[in-house]
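One letter stands for each residue in the lines below.
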Amino acid sequence: MSGGGLGVRWKLHGDGRVPEPGAVVRPDERLSWPRTAGLGAQHVVAMFGASFVAPVLMGLDPNLAIMMSGVATVLFLLATRGRVPSYLGCSLSFVGVAAIIRGQGGSSATVTGAILVVGVALFLVGLAVRKFGARIIHAAMPPVVTGAVVMLIGFNLAPVTAKTYWPQDQWTALLTMLLTGLAVVCLRGFWSRIAIFLGLVAGYLMSWGFDRLFGRIHSADSTGKTVDHWRLDLSGVGHADWFGLPSVHGPDFSWSAILVALPVVIALVAENAGHVKAVGEMTGDPLDDKLGTAIAADGAGSVLSTAVGGPATTTYSENIGVMAATRVYSTAAYWAAACFALLFGLCPKFGAVVAAIPGGVLGGITVILYGMIGLLGAQIWINNRVDMRNPLNLVPVAAGIIIGIGGVSLKFTDTFELSGIALGTIVVLSGYHVLKALAPPHLKEQPPLLDEGTSGYDKT
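Residues numbered from 1 in each chain as written. Predicted model: local features only at pLDDT ≥ 70, side-chain atom pairs only at ≥ 80, totals over all residues. Heavy atoms only, no water.

Chemist: Would you take a moment to explain the confidence of the model for the protein for this structure?
Modeler: Parts of the model with low pLDDT should not have their predicted coordinates read in detail. Residues at a pLDDT of 70 or more form 86% of the protein, whose mean pLDDT is 79. Every residue in residues 448-460 is under pLDDT 50, and counting partners more than four places away or in other chains gives 29 contacts. (pLDDT = per-residue confidence, 0-100. Contact = heavy atoms within 4.5 Å.)

Chemist: Hey, could you run me through the side chain of Thr 172 in this one?
Modeler: Position of Thr 172 among the secondary structure elements: in helix α8 (residues 170-186). For Thr 172, a relative accessible area of 0% translates into the label buried. Excluding its chain neighbours within four sequence positions, the residues that come into contact with Thr 172 are Gly 203, Met 206, Ser 207, Phe 210, Arg 231, Gly 360 and Val 361. (Helix = DSSP H or I, 4+ residues; strand = E, 2+ residues; numbered from the N terminus. Buried < 20%, exposed > 50% of the residue type's maximum accessible area, 1.4 Å probe, protein only.)

Chemist: It is not clear to me how a nonpolar patch on the surface should be interpreted in this structure. Could you clarify?
Modeler: Together, Val 120, Phe 123, Leu 124 and Leu 127 line one region of the surface with nonpolar side chains, adding up to about 310 Å² of accessible area. Mapped onto the fold, Phe 123 is located in helix α4 (residues 108-132). (Patch = residues over 30% accessible without salt bridge, like charges linked within 9 Å, V, L, I, M, F, W, Y side chains within 5 Å. Areas by Shrake-Rupley, 256 points an atom, 1.4 Å probe, with all protein chains shown as cover. Salt bridge = Lys/Arg side-chain N within 4 Å of Asp/Glu carboxyl O.)

Chemist: Any chance you could explain the packing of aromatic side chains here in plain terms?
Modeler: The geometry of two aromatic rings is summed up by the distance between their centres and the angle between their planes. By the definition in use, this model includes 1 aromatic pair. Considering the side-chain rings of Phe 210 and Phe 214, the 5.7 Å spacing of their centres and the 50 degrees angle between planes classify their relative orientation as tilted. Residue Phe 210 and its partner Phe 214 are located together in helix α10 (residues 195-214), separated by 4 residues, close to a single helical turn. According to the relative accessible area criterion, Phe 210 is buried, its value standing at 19%. Looking at Phe 214, the relative accessible area reads 58%, which means it is exposed. (Phe/Tyr/Trp six-rings, centres within 6.5 Å; stacked < 30°, edge-to-face > 60°.)

Chemist: Explain the environment of Leu 174 to me, please; I cannot follow it from the model alone.
Modeler: Along the chain, Leu 174 turns up in helix α8. Residue Leu 174 is classed as partly exposed on the basis of its relative accessible area of 28%. For the pair Leu 174 and Gly 360, spaced 186 residues apart in sequence, the C-alpha separation works out to 8.4 Å.

Chemist: How should I be thinking about the packing of helix α6 (residues 143-155) against helix α18 (residues 359-383) in this particular structure?
Modeler: For any two helices packed against each other, the geometry is given by the interaxial angle and the distance between the axes. Where α6 contacts α18, the two axes come as close as 7 Å, and the packing angle between them is 170 degrees. For the element pair α6 / α18, the angle class is roughly antiparallel. Where α6 abuts α18, its residues Pro 143, Val 144, Thr 146, Gly 147, Ala 148, Val 150, Met 151, Gly 154 and Phe 155 lie against Tyr 370, Gly 371, Ile 373, Gly 374, Leu 375, Leu 376, Gly 377, Ala 378, Ile 380 and Trp 381. (Axes fitted to C-alpha atoms, helices over the stretch in contact; angles between N-to-C directions. Parallel < 35°, antiparallel > 145°, perpendicular 65-115°, else oblique.)

Chemist: In this structure, what is going on with the environment of Lys 11? I would like to understand it.
Modeler: Along the chain, Lys 11 turns up in strand β1 (residues 11-12). Sequence-wise, Lys 11 and Pro 27 are 16 residues apart; in three dimensions their C-alpha atoms are separated by 9.8 Å. With near-sequence residues (within four places) excluded, Lys 11 lies in contact with Asp 28, Glu 29 and Arg 30.

Chemist: So what exactly am I meant to see when it comes to α6 here?
Modeler: Every α-helix carries 3.6 residues per turn, so stepping three or four residues along brings you back to the same face. Taking 1.5 Å of rise per residue, the 13 residues of α6 would be expected to cover 18 Å, and the 18 Å separating its terminal C-alpha atoms lies within 8% of that figure. Within α6, burial applies to Pro 143, Val 144, Val 145, Thr 146, Gly 147, Ala 148, Val 149, Val 150, Met 151, Leu 152, Ile 153 and Gly 154. (Expected span 1.5 Å × (residues − 1).)

Chemist: I keep staring at α8 and nothing clicks. Help me out?
Modeler: Here α8 contains 17 residues, and its C-alpha end-to-end distance of 24 Å stays within 8% of the 24 Å for a straight helix at 1.5 Å per residue. Residues of α8 that are buried include every one of Thr 172, Ala 173, Thr 176, Thr 180 and Ala 183, and no others. Viewed along the axis of α8, the buried residues span an arc of 95 degrees, placing them on a single side of the element. Seen from the open side of α8, the exposed residues pointing more than 90 degrees away from its buried face are Trp 171, Leu 182 and Val 185. (Arc of directions from axis to C-beta.)

Chemist: It is not clear to me how unusual backbone geometry should be interpreted in this structure. Could you clarify?
Modeler: Note on backbone geometry: most residues besides glycine have negative phi, and most peptide bonds are trans. Unusually for a residue other than glycine, Arg 81 sits at a positive phi of about 55 degrees. Residue Arg 81 is classed as partly exposed on the basis of its relative accessible area of 38%. A positive phi angle is found at Arg 385, which is not glycine, with a value near 55 degrees. Positionally, Arg 385 belongs in the loop between α18 and α19 (391-406). On the basis of relative accessible area, Arg 385 is assigned to the exposed category, the value being 55%.

Chemist: Can you walk me through the nonpolar core in this structure?
Modeler: The tendency in soluble globular proteins is for nonpolar side chains to be buried side by side. In this structure, Met 58, Phe 94, Val 97, Leu 291, Tyr 370 and Trp 381 are the most contacted members of the largest nonpolar core, which totals 93 residues. The leading source of residues in this core is helix α13 (residues 264-283), at 9 residues. Counting residues in hydrophobic clusters, the runner-up holds 5 residues, among them Val 25, Leu 39, Val 328 and Ala 333. (Core = buried A, V, L, I, M, F, W, Y, C linked by side-chain atoms within 4.5 Å.)

Chemist: Looking at this structure, I do not really get the pattern of salt bridges. What am I missing?
Modeler: Should the charged atoms of two oppositely charged side chains come close, the side chains can pair. With the rule as written, the count across this model stands at 1 salt bridge. For Asp 387, the salt bridge identified is with Arg 389, shortest N-O distance 3.0 Å. Exposure remark for Asp 387: the relative accessible area of 29% places this residue in the partly exposed category.

Chemist: Could you clarify how one ought to interpret the packing of α4 against helix α14 (residues 291-307) in this entry?
Modeler: Packing of α4 against α14 leaves a shortest axis separation of 7 Å and a crossing angle of 160 degrees. The orientation of α4 relative to α14 falls into the category roughly antiparallel. You can see that α4 and α14 cross each other, and the crossing is left-handed. Between α4 and α14, the residues in contact are Thr 112, Ile 115, Leu 116, Gly 119, Val 120, Leu 122, Phe 123, Val 125, Gly 126, Leu 127, Val 129 and Arg 130 and Leu 291, Gly 292, Thr 293, Ile 295, Ala 296, Asp 298, Gly 299, Ala 300, Ser 302, Val 303, Thr 306 and Ala 307, respectively. (Left-handed = near helix turned anticlockwise from the far one by under 90°.)

Pasting the structure below:
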């Protein structure tokens, strides 16, 4: 590939119109530019639902989040020299972290400061994988640990839905949950990939309709006070400009917040490893040599985003689905998607529409979304045949998950304590490795997640 080795030049695939039957458009190829732009727009729609839900749930600026996702994607494509087609959307893994930090009195700057440190940690993990190979991931974070951490990150969010969003409008929340569930299960193809987004739009419209039919609702508002209020307040949309720069802020660093956020690096490593594996299998181009680079690029993108007040970024399975459906893996389409995201970020009116999403709608969405995040941990166990009958696996996982979900705390001083996700992760990670060192040999016989530094993640 030419273009100074940066992967920014592509050869035309066939006639540039439609791929031949059974053929794929490889990362270093493209269709005609109008079709490439259309594919880029489709990638934006695919990542859009989760990418603007994430900053809203974290209390961050959605305009800035979308804009920085485009910037991070450009950085990722350049770092991987155009070999790993991927969009870096806004990570949902930090939603629970943000809720905990804010519950402890932290500000948006405290949230982004803690996430920035996680981005640095992810970047360093990527450099280590580049130097020593992918086997170090398995050595430090075997599937039993990774699955447990992902699970407690998701299920730790349950109180946010139950106590913050759902009470604002329980009936809209219930209907939104049901419609979203139907969309996830019943829709096919591309529409199933944006089911969460469709459920959110349906809830948005329902809230508008209920306000017209029933007037104000008497319930808790976003501050927790029980008052009469409109379900959907669009007053901010009218005052917002069509064009303008999003608001930015610098990070603020707090040790207690950083310790809460650091465990999420385990989930991010697992996401990136799975993404690189999936893309390599779909394109037929083994990408083992790019795993460390991809992880480091994701970390760098998160650092860049959080440095100006945005959320962390991560590779998106939604966009893998688009590639699988279209069989177009051209990185030119991702450059187009990044450009569209940058334009969205320059529209404050769009951000005002997103910020007006009713709490009841978020309640219905997050009931499913948070549960799905948690159950991804179980999927990691299943895919890697983790045996929960083995006490070496069962004991640390059982203790860590209950601590993480239940909010158990360990107080050291008046100003420092460990609880929830942070304490649960420490128990799972340290407990597993300590018990493994002490356990009899027959309990240690588990199939490896990775082979000699290649992509033998899971061949079945």
